[in-house]
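Results of the structural survey
Listed below, chain by chain, are the residues.
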There are 2 protein chains.
Amino acid sequence: MKPVKVGLLGLGTVGGGTVSVLQRNAEEIQRRAGRGIEIAIAAARDLDKERPFDSSKIELTTDPQAVVSHPEVEVVIELIGGTDTARELVMQAIANDKHVVTANKALIAKHGNEIFAAAQKQGVMVAFEAAVAGGIPIIKAIREGLAGNRIEWLAGIINGTGNFILTEMRDKGRDFADVLAEAQKLGYAEADPTFDVEGIDAAHKLTILASIAFGIPLQFDACYTEGISHITPEDVEYAEELGYRIKHLGVSRRTDSGVELRVHPTLIPYRRLIANVDGVMNAVLVKGDAVGPTLYYGAGAGADPTASAVVADVVDVVRVLTADPENRVPHLAFQPDQLSDLPVLPMADIETAYYLRLEASDKPGVLADVTRILADLDISIEALLQKEPAEEAASVPVIILTHRIREGRMNDAISRIEALATIQGKVTRIRLEALDA
Amino acid sequence: MKPVKVGLLGLGTVGGGTVSVLQRNAEEIQRRAGRGIEIAIAAARDLDKERPFDSSKIELTTDPQAVVSHPEVEVVIELIGGTDTARELVMQAIANDKHVVTANKALIAKHGNEIFAAAQKQGVMVAFEAAVAGGIPIIKAIREGLAGNRIEWLAGIINGTGNFILTEMRDKGRDFADVLAEAQKLGYAEADPTFDVEGIDAAHKLTILASIAFGIPLQFDACYTEGISHITPEDVEYAEELGYRIKHLGVSRRTDSGVELRVHPTLIPYRRLIANVDGVMNAVLVKGDAVGPTLYYGAGAGADPTASAVVADVVDVVRVLTADPENRVPHLAFQPDQLSDLPVLPMADIETAYYLRLEASDKPGVLADVTRILADLDISIEALLQKEPAEEAASVPVIILTHRIREGRMNDAISRIEALATIQGKVTRIRLEALDA
C-alpha cells in the first residue's frame, strides 16, 4: 500500500519534533499503522534555517496555501499556533477534503465548535490530542477509555512552566519573580510569560477537557482564570506547615446547576499523588462514577513529547484510512503480519540492580570475602549496610545494593557467597529498578 | 437507530458491575456512543440469586450457548473467567459473527494469538481493555495514544492484592502471612491467594502489555514469575532505610537481544511517583522514546472499575458499528447533537474550601472579630494558624483554612474582614481542593 502523504504547517519546535519522530520511528510506526507515513511538503517562515532533521525528501515552502491545497496530501498537520491564520488554514484544509491534526489549544478552545462542525459536514477527521498535556494521551483516555462513566470532576496540572515555578518556590523558598527569571533563562518560560503564569494556556486546555468530560460545547470565555504571580514564599511555607502543596490547577466539576470551570492556584493535600507531580511535568486526575479516581502523568510540553501526541493522531487517522473499520486498531497494536520474533530473554540474560541480604557470622574477614567475590565478577557495590546482630544471635545481617549487572553473573556471585563457611543459609535477593527515564 | 443488543456470559462481581454501569449511565453512554446499548440475555450459574440490579428486561439463562448463538446479540461480553470454557465460548461467539469484549487476562495471555487470528478472519472485533489494570485505559494508551513512540520499557503495579499486602507490611511493620489473612478477611484476597501473591495474575497482564508495547506475540510461558511471600518485614525496613520501597512489579524492557518479561518484588526509589501508589491501587509506567516517562494510575480491580473498562470497550465496538469511520469517535466525546446546555457556573456559585491569610494588628479581639464574621456566614474553620510577628512588625499573619463553601459567601466574608479596622491590607485567598475520591 502506498504511504499516506502528510503536509506540515510550521517547522518550529513541535514541527521539528514531529519530523524527527516520524523519520526516526518510521518502521515502528508503519508496523503499527499498516502503512507508511510520508511528509510530502512543509511550510516554514525561513527556508534557510538549519534543521536538526533530514529535509532532503520534503518539499519546503514559505506558502502555507501550497500545503493545504497540495493534491497528494491527505493529512494536514497544523503547528503554527495562534488563532487567526491557523483558523483560516485549518478551515481551508477541511474544505479541501484534508484530515487535520493540530496541537493548537487556543485554536480548539476558541474555534473548535466551528471547526468540528465543518469537519463533520465535510466528512474529514480533526484530531487534537497534542493540544492538551503534550504527550499524555488524556483526550483519548477520557473520550474513549472512560466512555462508560459519568465523569464527576477532573483536576489537572496542565501548564509545565507554572508547575516548574511553584516547585522551585517550594523546594528552595525562592520568590516568584526570581524563579520566573530563571525559568526564562532555561527556556521553560517565554519572554512574555503571561500565557503561562496567568493561566490562559491552562484555561485553553481545561476548556477542552471539560467539554469532553461533560458533553458541553467549548466555552473558553466562561473559564475563570487566575495566575500564580501573587503567590508568596510565605503562603507556600504556611501551606506546607498545614500539610498542603500549592499547585496551579485547572478544575472542572459537574454540579446539578452547572459546570465549574476554573484555573487558579490551589492547595492540595501533600499525600495525593498529584501533589507530588513536580517540575515541568503535567498530570490530570479524572474521577468517574464507575472507575473512581484515575491519574495520567507525563511531559506536557517540549518538541518530542508533543510530537508523540501529534504522531499518535496521525496514526489514528491513517488506521481509519487504511483498514476496514473492524480491524482499525490491531489487537496487539502492531499489524498481525508485523509482529516481531524478538525473543523473550531467559532470566540469566536480563540486567538489573540488586538488593542482597546475607546472614554473616560475626567474625573478622567476612565482608572482605564477600566483597572480593563481587569484585572478581565485576559487580559494583552501590551501598552496604551492616546491622547490629539481634540479641544472642550468632550472625549479623548485611545488606548490599549493587549496580546493574546481568542476572547470570549475579547467580554466580550468590552461589559463591552461599558457599562461604562464614555465611549462614541462603542469600535473600530482591531486584532493584531505578526507573529513571 | 435501534439499540445494540449485547449478551453477557457471567453475572458474578464484574458481570453485575457491568449491568449496573450500563443501566445507571444508559443516557450518558447513548449520548457518547450514538446508540443505546441493551443487555438482551445473560447466562449465570444460579438464576435464583438476588441481583443488585434490575434484571426484569434481561433474559436470564443457565445456558451460555443461548448467549453466543442468540440471533439478535451483536456483542458477547465474556466475564466467566478461566481458560477452557471461556475459550470455547469466545471461539463460538466469533464463529457466530459476534463481536467479543472480555475482561479475562488468563484467556488473552494464553489463547490470545489464536483468538485474534480467528476474529481477524471472521471480521469481528475482540476487545480486552478490562483484562489489564481494571479501569485504567492502559491498553488504549499504549496501543493508540503512544503509537508514535518506540517503547523502551514499562513497569507496573498490576495486582492490587499484592500491593495492598506490601503497603500494609511497610506502614505497620507486619509480616506477610498476617497481612494476607487480613486481606482475605476484607475480601481483597481469594481463599486461594496463589494467583495474586505468586505473581501469576500479574504475569498474565504483563504478557499482554509487553506484546502491545513491543509488537511480539503473546508468550505467557516465557514470563518469569516470582511472588512476594518470601518478603520479610526486615527487608521492607532495610529497603526503606536505603531510600527504597518494595513493590511487586511487572517489568518488560526491550534490549537489542530480546525482551525482558518478569514479575518479581522490586526495590524502587521512594521518590518515584509509582513508589507512592499504595493499597489496592494499580499504576503502569511506560517509557517511550519521544514522550519520555508516562504514568497511568487507577483502580485495578473491583466490580465498577472493571465494568468501566468493559463498557468502554462496548462503546468502542458500538461506535464502529454505528458511525462512518471518519466520525467514529465524536470530537467532544459526545455526539454533536447530544451536547448539553448545562451552563458554566459563575465563580460566585462554585464551591470549594479556602486558605485565607490576613495581616492582623497585634491587638486583643482581632481573632474574635474575624471568627465571628465567618460564623455569621456559616463558614466553618478547619484550621487556624497564628504566626509570630516579624521583628518590629505591627501586624501578625493569621492563616485560616475553611471547609467547603460557596464562593459568593466567601467573597462576602472577605469584604467584611477587610473592612475591620484591625486588619491591614487585602486578605490573601487561595482555594483548596481535597481531591478525595
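Residues numbered from 1 in each chain as written. Chains lettered and ligands numbered in written order. Predicted model: local features only at pLDDT ≥ 70, side-chain atom pairs only at ≥ 80, totals over all residues. Heavy atoms only, no water.

The condition that has to hold: UniProt positions are given in the numbering used here, feature names are shortened, and annotations may be inferred rather than shown by experiment.
By the naming in an unreviewed UniProt entry, chain A goes by Homoserine dehydrogenase and is assigned to Candidatus Tenderia electrophaga. Quoted verbatim from the Cofactor (unreviewed entry) field of UniProt, the annotation for chain A is "a metal cation".

1. Focus on the nonpolar core
The cut-off we apply is this: By nonpolar core is meant a set of buried Ala, Val, Leu, Ile, Met, Phe, Trp, Tyr and Cys residues that side-chain atoms within 4.5 Å join together. When accessible area is computed with a 1.4 Å probe and restricted to protein chains, residues below 20% of their type maximum are described as buried, those above 50% as exposed, and intermediate ones as partly exposed. Should any heavy atoms of two residues lie within 4.5 Å, those residues are considered in contact.
Among the nonpolar cores identified, the biggest contains 119 residues, and Ile138(A), Ile208(A), Val286(A), Ile138(B), Ile208(B) and Val286(B) are the most heavily contacted of them. Those residues within four positions of Ile208(A) in sequence are excluded, and the remaining contacts are Lys105(A), Ile108(A), Ala109(A), Phe128(A), Ala131(A), Val132(A), Ile139(A) and Leu218(A). Among the nonpolar cores identified, the runner-up in size contains 35 residues, and Val4(A), Ala307(A), Val310(A) and Val318(A) belong to it.

2. A closer look at the sheet that holds strand β1 (residues 4-9) of chain B
Two pairing modes exist for strands in a sheet, parallel and antiparallel, and in both the strands are linked by backbone hydrogen bonds. Residues and elements named next belong to chain B. Selection criterion: Criterion used throughout: strands pair if DSSP finds at least two bridges between them. In DSSP terms, a helix is any run of H or I states spanning at least four residues, a strand is any run of E spanning at least two, and both are numbered starting from the N terminus.
Ordered in space as β3-β2-β1-β4-β5-β6, the 6 strands form an open sheet in which the pairing is parallel. Edge strands, defined here as strands with exactly one partner in the open sheet, are β3 (59-61) and β6 (126-127). Direction of pairing for β1 relative to strand β2 (residues 37-43): parallel, over a ladder of 6 bridges. Paired with Lys5 across the bridge in β2 is Glu38.

3. Some remarks on the interface of chain B and chain A
Cut-off, in case you're wondering: Take the accessible area each of two parts loses on contact, using a 1.4 Å probe, and add the two losses: that sum is the buried area. Salt bridge criterion: a side-chain nitrogen from Lys or Arg within 4 Å of a carboxyl oxygen from Asp or Glu. For the purposes of these results, a polar contact is taken to be a pair of N or O atoms within 3.5 Å, where, inside protein, one atom must be able to donate a hydrogen and its partner to accept one; residues adjacent in sequence count only when each atom of the pair is a side-chain atom.
Contact with chain B, which involves 141 residues of that partner, is made by 141 residues of chain A. A buried area of about 11800 Å², summed over both sides, lies between chain B and chain A, and 61% of it is on carbon and sulfur atoms. At the junction of chain B and chain A, the tally comes to 20 salt bridges. Salt-bridge contacts for Glu433(A) lead to Arg262(B); the nearest nitrogen and oxygen are separated by 2.7 Å. Linking chain B to chain A there are 56 residue pairs in polar contact (both at pLDDT 80 or more). For the side of chain B that touches chain A, the element with the most residues is strand β10 (residues 259-269) of chain B, which contributes 10 residues. As paired elements, strand β12 (residues 292-299) of chain A and strand β12 (residues 292-299) of chain B share 3 bridges and run antiparallel to each other. If you follow Tyr296(A) over to β12(B), its bridge partner there is Tyr296(B).

4. Observations concerning the UniProt feature "domain: ACT" (unreviewed entry) in chain A
The feature "domain: ACT" (unreviewed entry), as annotated in UniProt, sits at residues 355-432 of chain A in this numbering. Between the C-alpha atoms that bound residues 355-432 of chain A the distance is 6 Å, and the span itself is 29% helix and 42% strand.

5. So, the UniProt feature "active site" (unreviewed entry) in chain A
All names here are of chain A. Under the UniProt annotation, "active site" (unreviewed entry) lies at Lys205. You can see Lys205 is positioned in helix α10 (residues 200-214). Filtering out sequence-adjacent residues up to four positions away, Lys205 remains in contact with Lys105, Ala131, Val132, Ala133, Ile158 and Asn159.

6. Some remarks on the pattern of salt bridges
For side chains of opposite charge, pairing can occur when their charged atoms come near one another. Tallied over the full model, the rule gives 83 salt bridges over all chains. In this structure, Lys172(A) engages Glu168(A) in a salt bridge whose closest nitrogen and oxygen atoms are separated by 3.0 Å. Of this pair, Lys172(A) and Glu168(A) both sit in helix α7 (residues 160-172), 4 residues apart, roughly one helical turn. Using a relative accessible area of 10% as the deciding quantity, one classes Glu168(A) as buried. Taken together, the shared-partner salt bridges connect Lys140(A), Glu144(A), Asp316(A), Arg328(A), Lys140(B), Glu144(B), Asp316(B) and Arg328(B) into one network.

7. Notes on the packing of α7(A) against helix α8 (residues 176-186) of chain A
All names here are of chain A. Threshold: Only C-alpha atoms enter the line fits that serve as axes; for helices the fit covers just the stretch in contact. Angles between N-to-C directions range over 0 to 180 degrees. For this classification, under 35 degrees means roughly parallel, over 145 means roughly antiparallel, 65 to 115 means roughly perpendicular, and everything else is oblique. The sense of a crossing depends on the near helix, which, turned anticlockwise from the far helix by less than a right angle, makes the crossing left-handed and, turned clockwise, makes it right-handed. Each residue is assigned to one of three groups, with Ala, Val, Leu, Ile, Met, Phe, Trp, Tyr, Cys and Pro labelled nonpolar, Asp, Glu, Lys and Arg labelled charged, and all others, Gly among them, labelled polar.
Relative orientation of the contacting elements α7 and α8 amounts to 130°, with a least axis distance of 9 Å. With respect to α8, the element α7 is oriented oblique. As α7 packs across α8, the resulting crossing turns out to be right-handed. Contacts between α7 and α8 involve Phe164, Ile165, Glu168 and Met169 from the first element and Phe176, Val179, Leu180, Glu182, Ala183 and Leu186 from the second. In terms of residue class, the contact of α7 with α8 is made up of 8 nonpolar, no polar and 2 charged.

8. Considerations on a nonpolar patch on the surface
This is how it is decided: Nonpolar side chains (Val, Leu, Ile, Met, Phe, Trp, Tyr) are joined into patches within 5 Å and like charges within 9 Å, using only residues with over 30% relative accessible area and no salt bridge. Where accessible areas are quoted, they stem from the Shrake-Rupley method and a 1.4 Å probe; at the residue level, only the protein chains shown are allowed to cover.
On the surface, a cluster of nonpolar side chains totalling about 260 Å² of accessible area is made up of Leu186(A), Tyr188(A) and Val280(A). With respect to the helices, strands and loops of the structure, Val280(A) is situated in the loop between β10 (259-269) and β11 (281-288).

9. Description of the relation of the copies chain B and chain A
We count it as follows: Here the copies are matched by least squares. The fit uses the C-alpha atoms of residues with pLDDT of at least 70 in both.
Expressed as a screw transformation, the operator carrying chain B onto chain A has a rotation angle of 180° and an axial translation of 0.0 Å, and the superposed copies differ by an RMSD of 0.0 Å. Here the two chains are linked by the operation of a two-fold rotation axis. The rotation axis passes nearest to the C-alpha of Tyr296(B) in chain B, at a distance of 2.4 Å. A high fraction, 100%, of the interface residues of chain B reappear at the interface in chain A, so the copies pair face to face through one surface.

10. Some points on the domain arrangement of chain A
Note the cut-off: The split into domains, and so the bounds of each, comes from an automatic or database assignment of domains.
Taken domain by domain, chain A consists of domain 1 (4-134 + 304-338), domain 2 (138-299) and domain 3 (347-432). One C-alpha centre belongs to domain 2 of chain A, the other to domain 3 of chain A, and the line joining them spans 46 Å.

11. Describing the environment of Val4(B)
Residues and elements named next belong to chain B. As for its placement among the helices and strands, Val4 is situated in strand β1. The class for Val4 is buried, based on a relative accessible area of 0%. As a C-alpha pair, Val4 and Asp289 span 285 residues in sequence and 40 Å in three-dimensional space. If we ignore the near neighbours within four places in the chain, the residues touching Val4 are Arg35, Gly36, Ile37, Glu38, Glu74, Val75, Val318 and Leu321.

12. Overview of helix α11 (residues 233-241) of chain B
We apply this condition: As used here, the arc is the angular range of directions from the helix axis to the C-beta atoms.
Asp235(B), Val236(B), Tyr238(B) and Ala239(B) are the residues of α11(B) that are buried. Down the axis of α11(B), the smallest arc covering the buried residues is 170°, so these residues share one side. Residues of α11(B) that are buried make contact with β13 (351-361), β15 (395-402) and β17 (423-432) of chain A together with α7 (160-172), β9 (244-254) and β10 of chain B. Positive backbone phi, at 95°, marks Gly243(B), one or two positions downstream of α11(B).

13. Comments concerning unusual backbone geometry
Residue and element names in this part refer to chain B. The backbone of Asp97 shows a phi angle near 70°, a positive value even though the residue is not glycine. A relative accessible area of 46% places Asp97 in the partly exposed class. In the Ramachandran plot, Asp378 falls in the positive-phi region, its phi being about 65° despite a non-glycine side chain. Here Asp378 shows up in the loop between α13 (366-376) and β14 (381-386). Judged by relative accessible area, Asp378 falls into the exposed class, the value being 61%.

14. Some thoughts on the sheet that holds strand β3 (residues 59-61) of chain A
Strand order in the open sheet formed by 6 strands is β3-β2-β1-β4-β5-β6 (chain A), with parallel pairing between adjacent strands. One side of each edge strand has no neighbouring strand; the edge strands of this open sheet are β3 and β6 (126-127) of chain A.

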